[in-house]
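Single-letter residue listing:
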Amino acid sequence: MKNVFLKSDIAWKSCMFLIFLFIGNAFISCSDDEVDNPIKGDHWMIVEDVVSLETGDEMAINPIFSSTEAENLEYIWTSSDPEILKIIEDNGTNVKVEGVKAGKAFIKVESPEETKRLSKVISVTVKQSPLRILAIGNSFSQDAVEQYLYELLKAEGIEAIIGNMYIGGCSLETHWANANGNQAKYSYRKIENGSKTTKANTTLETALKDDKWDYISLQQVSGKSGQYDTYKPYLSNLVNYVKGRATNKYMKLMLHQTWAYASYSNHTDFKNYDNDQMTMYRAIVDAVNEAASDQNISIIIPAGTAIQNGRTSFIGDNFTRLDNGDATRYYHLETTYGRYTAACAWFEKITGKNVVGNTYAPKGLDEKTIKVAQTAAHMAVQNPNIVTELVDLKKRVDSDVLAAPIYVDFGGSTITSATPWNNYTSSVSAAPLLLSDAKANATNVSVRVVDGFTSVYNGISGEPDKVMVVDEVEFPMSAWKDGLIVSGVANAGNTEPATVEVTGLSSASKYNFTILAVRFGGSKAARTSEYTLKGKNTIGPKEIRTGLKLGTNDGEYATFEEVPYGEYITKFENVEPTADGKVVIEVVGLSGAATEGHLNALSIKQVQ
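Residues numbered from 1 in each chain as written. Predicted model: local features only at pLDDT ≥ 70, side-chain atom pairs only at ≥ 80, totals over all residues. Heavy atoms only, no water.

Q: Break down the nonpolar core for me, with residues and values.
A: In terms of nonpolar packing, the biggest core is built from 92 residues, with Ile133, Leu149, Leu153, Ile216, Tyr340 and Trp346 touching the most fellow members. The contacts of Tyr340, once residues within four sequence positions are left out, are Tyr148, Leu152, Tyr360, Ala361, Pro362, Leu365, Ile370, Ala373 and Gln374. In this structure, Tyr264, Tyr330, Leu435 and Val445 belong to the second largest nonpolar core, which totals 36 residues. (Core = buried A, V, L, I, M, F, W, Y, C linked by side-chain atoms within 4.5 Å. Buried < 20%, exposed > 50% of the residue type's maximum accessible area, 1.4 Å probe, protein only. Contact = heavy atoms within 4.5 Å.)

As structure tokens, this is what we get:
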């Protein structure tokens, strides 16, 4: 709290008296009527003319009086605009004021007994304080507030300070244990002036007292977020703890409604919801609502509903990401539009401003994807407890006509192909990959692995950096070197089919599919892959002997240029998708010396 002329001891008064006496004598030529000299006469007071403070700040105004007699007179204090600056404590000879909203106001003090000498007007500028938001959470609050929320606020002219108290996978129970024991176990991330700082080994109490937080959020760990019994008694304990240590008397508590896992996630806690996304979503909504009601928390950030709304768009169930090296998959948000959607929900719920049309978006997002994120968040704030179908955003592009073929490179994340190739880098059930055509145009087509593949095949060392040109397609080494593989036991029967799903095709069109499969360094006789396409009709099976060796022995090629590239592709022409625009590719490893099925690359061309 600021103080204006707080000092009142005799030495200070004497010093100020001499200063003003000197100033008064310097202008002795002026008459009393021309200059209101504060120190002429028996009574006077001194107080600063111009002061400033921020919204939410308090300031004490303490005039200095000429004498005890002057100090003991009656004084009246008034604010010219209490909606900007209000008097919260009036002690007669001094007051305490508080900035309410940005603007200018005047504080007038005068004594009815001597309005000329004992009267003063103080000009006060109230500046807008930064919006201060603190999340007490885990990786889900990291997804929601650490990337794009600051920028969304800044685009609306709102300066903000954002904090996140982070422990990965932290539950309410663990948060309470840390609070109760004052455990310094948090990574305290703070975004201020556009820069993020991180302070390790921090206590909750330290962060709570570090700033005058306007909003503080709490949340349950994702796997328990839809199980209200797991909130008790820890949420209640934390609410009391936070209220007792927050330094802003107007602080508002919030609950972060988190999102359901992807339908194909194998998170161990997904079983709590029968591995069903909508079951998990509805459970989260119900649990958070009940928790908010029990704790009298009026603000729920509907990030979970925003993500679920987004899943009804052309993006589909593609809002989460595969965490490399993580034993569980597809529950953290995709790092651009996924996190952006959550941040949009935080922005609109806290500010009350419609996020649709906000000028900030992460780099690389097209206008349609931005619209999905903003609309999904806006509708979540409007209807936080139900899923809103984004009926006008079902298609990524308006036309189903492909301006050029689509090329897909299957394999690991360490060997990827440059544009015009789309890289699909997972061998497990995964998020659909939205595809672009060979001219870098966005399309409505996507591809994903459904199930059955054993692993990613990364090739061997020594592959020549050569291009396979076949069927008017240039397959770079990065496309034919690696791929997906379904493995079985040698000479013990075929493998079960591994499946890839292509969606977003036009049911009114026909397509030519070209599949490439290569096992460099392998014997051609040892491995045979079999492929079947299932759309409106079933086509196949067709086979590729995938082994390719350079050498002088039978079945080997002296140079790469002598390889009959056409033997490593199989073509499916005039394929008609199902009524909902889907074609399924089945890959089988036929029984042999090496029972393996390979899928390296795919070309899709619309038949004109």
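From this point on, the discussion continues.
Q: Please provide a residue-by-residue account of the pattern of salt bridges, values included.
A: According to the stated counting rule, one finds 32 salt bridges in the structure shown. When the shortest N-O distance is used, the salt bridge between Lys120 and Asp49 registers 2.5 Å. Taken together, the positions of Lys120 in strand S10 (residues 119–127) and Asp49 in the loop between strand S2 (45–46) and strand S3 (50–54) put the pair 71 residues apart, joining distant regions of the chain. According to the relative accessible area criterion, Lys120 is partly exposed, its value standing at 23%. (Salt bridge = Lys/Arg side-chain N within 4 Å of Asp/Glu carboxyl O. Helix = DSSP H or I, 4+ residues; strand = E, 2+ residues; numbered from the N terminus.)

Q: Tell me about the environment of Val445, and please be specific about residues and values.
A: Here Val445 is to be found in strand S21 (residues 442–451). Residues Val445 and Ala492 lie 47 residues apart in sequence; the distance between their C-alpha atoms is 37 Å. Apart from the residues within four sequence positions on either side, Val445 is in contact with Leu402, Ile406, Leu433, Leu434, Leu435, Val502, Thr503, Gly504 and Leu505.

Q: Could you give an account of unusual backbone geometry, with specific residues and numbers?
A: Cis geometry is found at the peptide bond from Lys232 to Pro233, where omega equals -5°. Examined against the element boundaries, Pro233 turns out to sit in the loop between strand S15 (215–218) and helix H7 (234–245). Cis peptide bonds are those with omega within 30 degrees of zero, and the linkage from Thr419 to Pro420 qualifies with 20°. Even without glycine at this site, Asn491 takes up a positive phi of about 55°. Structurally, the position occupied by Asn491 is in the loop between strand S25 (483–487) and strand S26 (498–503). According to the relative accessible area criterion, Asn491 is exposed, its value standing at 58%.

Q: An account of the sheet that holds strand S33 (residues 583–589) is needed here, citing residue identities and associated values.
A: Taken in spatial order, the 6 strands line up as S20-S21-S26-S33-S29-S30 in an open sheet, and their pairing is antiparallel. Of all strands in the sheet, those with a lone pairing partner are strand S20 (433–436) and strand S30 (538–545), marking the two edges. Taken over all neighbouring pairs, the strand axes of this sheet differ in orientation by 25° on average, direction set aside. Here 5 bridges tie S21 to S26, and the two strands are oriented antiparallel to one another. Note that in S26 the partner of Val447 across the bridge is Val502. (Pairing = 2+ DSSP bridges. Axes fitted to C-alpha atoms, helices over the stretch in contact; angles between N-to-C directions.)

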